[in-house]
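Listed here are the chains, written in short residue letters.
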There are 2 protein chains.
Amino acid sequence: MSKIFLKNAYVMKSSDSETKKYNIAVNDGKIIKITGENDFFDENGYEIFDLNNKLITPGFINSHSHAVMTYFRGNSDDTTIKEWLFDNMLPREEFLNDEMAYYGAMTGFMEMISSGITTSVDMYMFTDSISKAAADTGIRAYVSRGLSYDTQEGWERRINENIETYKKYNNYDGRIKIGFGPHAPYTVPMEKFRELSEIINDYKESINQIHIYEGLWEKESYKLSDLEETGFLSHNVIAAHCVHADDEDIKILKRNNVTVAHNPSSNMKLGSGTAPIKKFIDSGINVTLGTDGAGSNNSLNILKEAHMASMLQKNTIGPEKIKKEEILKMCWENGAHALNEKIGEIREGYMADLVVFDLNDEEWLPNNTVKFKSHLVYNIPKKSLYATMINGKWVYFDRKFPGINKEDIYEKFGKYCDKIEADFYNYSNNLGK
Amino acid sequence: MSKIFLKNAYVMKSSDSETKKYNIAVNDGKIIKITGENDFFDENGYEIFDLNNKLITPGFINSHSHAVMTYFRGNSDDTTIKEWLFDNMLPREEFLNDEMAYYGAMTGFMEMISSGITTSVDMYMFTDSISKAAADTGIRAYVSRGLSYDTQEGWERRINENIETYKKYNNYDGRIKIGFGPHAPYTVPMEKFRELSEIINDYKESINQIHIYEGLWEKESYKLSDLEETGFLSHNVIAAHCVHADDEDIKILKRNNVTVAHNPSSNMKLGSGTAPIKKFIDSGINVTLGTDGAGSNNSLNILKEAHMASMLQKNTIGPEKIKKEEILKMCWENGAHALNEKIGEIREGYMADLVVFDLNDEEWLPNNTVKFKSHLVYNIPKKSLYATMINGKWVYFDRKFPGINKEDIYEKFGKYCDKIEADFYNYSNNLGK
């Protein structure tokens, strides 16, 4: 693996550090040395990148996504949530297969990488295809099979798929991890959560995912205390949404060290409500940010979520009540904490997951280091994103994907998207016949 | 003026039209002919632009801005609105002069153009500088002097400045219009609104601007019915914000044909509240979108506001209650209606104000014409913005500003920004001494 030396760039090491000029040496996927602007470093054997007038930040962590759903972007924008889910998303998912899922995940991950996401936590069917797409794009990924219970046979089949993907992909290239993803307490009975907790005992380090209280109606469907009793919540859980968590729920989330993945655009677009994020933070809960899928967001850009998370809190509890540093922490240090991984900060010994912005762009004016965190959160820089490094490799550079035939991927994605729409059209026309 | 023929592009003519391939002929600043994909057109004498795999939309209309405030982006993000205004914005404005205002407005307008804004409605001091910046960047601009009353001398001086700028710049290049901008009913006494209405009688076509009910506290300060009585509201008024307009206020706005400029990001960032936009629309009020200034937004991208406007309504009244077409209409047809100008649509005889997006980008996937309106509103395309035409001229092309020395502008902007911060630092240190 090549040794890389990044020179002359402004570096924002973390959510609470000042932005200064540093040089960064990368070897074997890790940040091995950070030197001051004028410190001596023996560059012998390193590939040198002069990043003058550029800014390096930690890569962004997307704590909740469904990359394959990139196919469904724009399919059901302005409808009720029931129409969105039952009449548009679920029927279309029936027409997917492994190969289609691969191209959907490739396209979703490439979009994430092009907006600075270096790690994505994904829950869906087709976990082999998604893991392969993560392997091929170079993204760091935490993949779980979405598990729901219809029949015992179906339940077991899904768990077996989850375990098969684990055997095949867990720890691939040091950057793909497989966990379990019981969809929600309203699609999985409590006794099945108990069974699953027993299984997860054999996968102690896995990061597991679930949807909790996305819609208000879920409060009528189950109690979080019943879920706690099954033992599932204590297994490194990332709970997406938690829009309608009340004070009792907050205590349960906190004492089980559950991470809450906040998906503000998706919540607003579906009219789900405003999650009490600041209350979670003040209660000591680890809060992170997610894009959710393109079917409900519709954008896979975590900085858009950073902006939206801040706006929602400011408009609800007051503009002074949430700070940009807290927001950046959600997609950096808190994301890393949820995954128990050395990412989300630029530090020696940490993984080399980095984003490079070109400061010679309207998006960075006033071009003053003290304002760079403000620009990141409140100006949503996107066109100035120049490069993305994951595990010490450039997976996006000069706005291109080295080693990926983008035209071919997008052509296949387009072809399969058309196929889904044709199949869906036929299905819709045959309804009730 | 050169004759231009735009070929082979997908064209979205308006908020309610289907996207199809057309060719567009431009002459003397206007769209003179739109032909079908395979129709014959005599290209002789035209400069030809092949825009294959690109999308042309109408230029976006920004109905409320303060371009000079681009200097203040990131100065006071996470503070109360009083700290923001009295401790950060107003003191800094004291350090501006004409030349600084020119470079602030240049930078603000260039940022707007790079995100597809072709018309901006601006209220501020330094209207000569702002008009000159509009002239030099090529943007279509409606400029008003912000008028407040402290002393009779100050009031008259500001009105005279407004009138001087009118004489100098009104109708410049057919794209700069000067109107009057009484700041708000809490900074201008009602009898002064009466005087101003008399003056405006001599400027019957001017578009005039005001801030109405941005903060809830304003409801205690004045009654909209008193403002109506002064006659001002009947003079082609664009009222920014109207966050706290109640049912009686809505009737007043409607019967005076007042346009409401909605600035959702600014309202959220300052914690001002959620304007009842859908209610306005259903009441027959003309609703448009504005970025407000970079001091409170912090981004001058109208598509971000389109997205935000939709999200806020969906999260407040339901996801099915507002449609993407209504949102696009706000920054196209409704913006044009407020200004009484042939813009906001791609039609023969209309001004050639156009935006070109490169469809070969992640931002446009799935790359399907029926989804293009969804992508515009819900995916906020920005890095794929390829070119902007105003009044038949390319003011931004291939992501560059032809005829503008961008480096020089941004260098002067940076220098003056540093000067403001140094002056502000000295001022802050001397407070209370």
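All figures in this text were calculated on a predicted structure; none of them were measured in a lab.

This brings us to the environment of Ala 306 of chain A. Residues and elements named next belong to chain A. Topologically, Ala 306 is positioned in helix 10 (residues 302–317). Judged by its relative accessible area of 0%, Ala 306 is buried. Spatially, the C-alpha atoms of Ala 306 and Ser 265 are 9.8 Å apart, while their sequence positions differ by 41 residues. Beyond its immediate sequence surroundings of up to four residues, Ala 306 is in contact with Leu 289, Ile 327 and Val 377.

As enumerated under the stated definition, the model contains 66 salt bridges over all chains in all. Residues Lys 219 of chain A and Asp 246 of chain A are paired through a salt bridge, measuring 3.3 Å at the closest nitrogen-oxygen approach. Residue Lys 219 of chain A is located in the loop between strand 10 (208–212) and helix 6 (224–229), and its partner Asp 246 of chain A is located in the loop between strand 11 (237–241) and helix 7 (247–255); the two are separated by 27 residues in the primary sequence. Exposure remark for Lys 219 of chain A: the relative accessible area of 26% places this residue in the partly exposed category. Asp 246 of chain A gets classed as partly exposed once you look at its relative accessible area, which sits at 36%. Asp 282 of chain B is the salt-bridge partner of Lys 278 of chain B, the closest N and O atoms lying 3.6 Å from each other. Here the residue Lys 278 of chain B and the residue Asp 282 of chain B both occupy positions in helix 9 (residues 277–282), the gap between them amounting to four residues, near one helical turn. Linked by salt bridges that have partners in common, Asp 77, Asp 78 and Lys 269 of chain A together with Lys 314 and Lys 324 of chain B make up one network.

Residues and elements named next belong to chain A. Spatially, the four strands line up as an open sheet ordered 10-11-12-13, and their pairing is parallel. For this open sheet the edge positions go to strand 10 and strand 13 (286–289), each flanked by a neighbour on one side alone. Between one strand and the next, the sheet's axes are offset by a mean angle of 30°, whatever the strand orientation.

Comparison of the two chain copies shows a relationship of rotation about an axis with a shift along it. Overlaying chain A on chain B yields an RMSD of 0.0 Å, the required transformation being a rotation through 180° with an accompanying axial translation of 0.0 Å. What the rotation and shift describe, once combined, is the action of a two-fold rotation axis. It is Lys 383 of chain A whose C-alpha, among those of chain A, lies nearest the rotation axis, at 2.0 Å. With an isologous cut-off of 70% or more, the 100% of interface residues of chain A that recur at the interface of chain B puts this contact in the isologous class.

A separate point is the environment of Lys 324 of chain A. For Lys 324 of chain A, the position within the fold is in helix 11 (residues 324–331). Residue Lys 324 of chain A is classed as buried on the basis of its relative accessible area of 13%. The spacing of Lys 324 of chain A and Glu 153 of chain A is 171 residues in sequence and 48 Å in space, taken between C-alpha atoms. Within the structure, Lys 324 of chain A has its side chain in polar contact with the side chain of Asp 77 of chain B (distance 3.3 Å).

What follows covers the pairing of strand 5 (residues 54–58) of chain B. Residues and elements named next belong to chain B. Among the five residues that make up strand 5, five are buried, leaving the element largely enclosed by the rest of the structure. Strand direction decides the pairing type here: strand 1 (residues 4–11) and strand 5, joined by two bridges, are parallel. Residue pairing across strands places Val 11 opposite Ile 56, the latter belonging to strand 5. Pairing between strand 5 and strand 14 (residues 354–358): five bridges, direction antiparallel. Residue Pro 58 lies in a different strand from strand 14, and its bridge partner there is Leu 354.

Okay, the side chain of Ser 266 of chain A next. With respect to the secondary-structure elements, Ser 266 of chain A resides in helix 8 (residues 264–269). Setting aside anything within four residues of it in sequence, one finds Ser 266 of chain A in contact with Asp 292, Ser 296 and Asn 297 of chain A.

A few words on the packing of helix 2 (residues 98–114) of chain A against helix 3 (residues 127–137) of chain A. Residues and elements named next belong to chain A. Where helix 2 meets helix 3, the closest approach of the two axes is 8 Å, and the angle between their N-to-C directions is 40°. The orientation of helix 2 relative to helix 3 falls into the category oblique. Pair helix 2 / helix 3 crosses with right-handed handedness. Between helix 2, through Asp 98, Ala 101, Tyr 102, Ala 105, Met 106, Phe 109, Met 110 and Ile 113, and helix 3, the contact on the second element is made entirely by Ser 129, Ile 130, Lys 132, Ala 133, Ala 134, Asp 136 and Thr 137. Looking at side-chain class alone, the contact of helix 2 with helix 3 contains 10 nonpolar, two polar and three charged residues.

Attention now goes to the sheet that holds strand 6 (residues 60–65) of chain B. Residue and element names in this part refer to chain B. With parallel pairing, the four strands of this open sheet are ordered in space as 6-7-8-9. Single-partner strands in this sheet number two, and they are strand 6 and strand 9 (176–182). Each neighbouring strand pair of the sheet contributes to a mean axis angle of 15°, computed without reference to strand direction. As paired strands, strand 7 (residues 117–124) and strand 8 (residues 140–147) are joined by six bridges and run parallel to one another. By the bridge assignment, Thr 119 is partnered in strand 8 with Arg 140.

Turning our attention to the packing of aromatic side chains. The final tally for this structure, using the stated rule, is 48 aromatic pairs over all chains. On the basis of an interplanar angle of 20° and a centroid distance of 5.5 Å, the ring pair of Phe 60 of chain A and Trp 332 of chain A is categorised as stacked. Of the two residues, Phe 60 of chain A sits in strand 6 (residues 60–65) while Trp 332 of chain A sits in the loop between helix 11 and helix 12 (333–339), which places them 272 residues apart along the sequence. Side by side, Phe 60 of chain A and Trp 332 of chain A carry an identical accessibility label, which is buried. Seen in terms of ring centroids, Phe 95 of chain B and Tyr 427 of chain B are 6.2 Å apart; in terms of plane orientation they differ by 70°. Their pairing is edge-to-face. Linking Phe 95 of chain B in the loop between helix 1 (81–93) and helix 2 (98–114) with Tyr 427 of chain B in helix 14 (residues 406–430), this pair joins segments that are 332 residues apart in sequence. Using a relative accessible area of 21% as the deciding quantity, one classes Phe 95 of chain B as partly exposed.

As for its placement among the helices and strands, Asn 298 of chain A is situated in the loop between strand 13 and helix 10. Relative accessible area serves as the criterion here: at 0%, Asn 298 of chain A is assigned to the buried category. Engagement of the side chain of Asn 298 of chain A in a polar contact is seen with the side chain of Lys 269 of chain A, the distance being 2.9 Å. Ignoring anything within four residues of it in the chain, the contact list for Asn 298 of chain A reads Arg 73, Gly 74, Asp 77, Lys 269 and Lys 304 of chain A together with Ser 374, Tyr 378 and Asn 379 of chain B.

This part covers the interface of chain A and chain B. Counting from both sides, the interface comprises 60 residues of chain A and, opposite them, 60 residues of chain B. Across the interface of chain A and chain B, roughly 4700 Å² is buried in total on both sides, 54% from carbon and sulfur atoms. The interface formed by chain A and chain B holds 10 salt bridges in total. For Lys 324 of chain B, the salt bridge goes to Asp 77 of chain A, with nearest N and O atoms at 3.3 Å.

A cis amide bond links Asn 297 of chain A with the next residue in sequence, Asn 298 of chain A, at an omega value of 10°. Of note, the phi angle at Phe 126 of chain A is positive, near 55°, even though the residue is not glycine. Phe 126 of chain A sits in the buried class, given a relative accessible area of 17%. For Asn 257 of chain B, which is not glycine, the phi torsion reads 50° and is therefore positive. With respect to the element layout, Asn 257 of chain B can be found in the loop between helix 7 (247–255) and strand 12 (259–262).

A cluster of basic side chains, namely Arg 399 and Lys 400 of chain A together with Arg 399 and Lys 400 of chain B, defines a positive patch on the protein surface. With respect to the element layout, Arg 399 of chain A can be found in the loop between strand 16 (393–397) and helix 14 (406–430). With a relative accessible area of 34%, Arg 399 of chain A lands in the partly exposed category.

Each value, and the rule that gives it
Residues numbered from 1 in each chain as written. Chains lettered and ligands numbered in written order. Predicted model: local features only at pLDDT ≥ 70, side-chain atom pairs only at ≥ 80, totals over all residues. Heavy atoms only, no water. Helix = DSSP H or I, 4+ residues; strand = E, 2+ residues; numbered from the N terminus. Buried < 20%, exposed > 50% of the residue type's maximum accessible area, 1.4 Å probe, protein only. Contact = heavy atoms within 4.5 Å. Salt bridge = Lys/Arg side-chain N within 4 Å of Asp/Glu carboxyl O. Pairing = 2+ DSSP bridges. Axes fitted to C-alpha atoms, helices over the stretch in contact; angles between N-to-C directions. Least-squares fit on C-alpha atoms with pLDDT ≥ 70 in both. Polar contact = N/O pair within 3.5 Å; in protein donor to acceptor, adjacent residues only side chain to side chain. Parallel < 35°, antiparallel > 145°, perpendicular 65-115°, else oblique. Left-handed = near helix turned anticlockwise from the far one by under 90°. Nonpolar A, V, L, I, M, F, W, Y, C, P; charged D, E, K, R; others polar. Phe/Tyr/Trp six-rings, centres within 6.5 Å; stacked < 30°, edge-to-face > 60°. Buried area = accessible area lost by both parts, 1.4 Å probe. Patch = residues over 30% accessible without salt bridge, like charges linked within 9 Å, V, L, I, M, F, W, Y side chains within 5 Å. Areas by Shrake-Rupley, 256 points an atom, 1.4 Å probe, with all protein chains shown as cover. Lys, Arg positive; Asp, Glu negative; His and termini not counted. Charge placed at Lys NZ, Arg CZ, Asp CG, Glu CD.

Treat this as a map of the structure, not an account of what it does.
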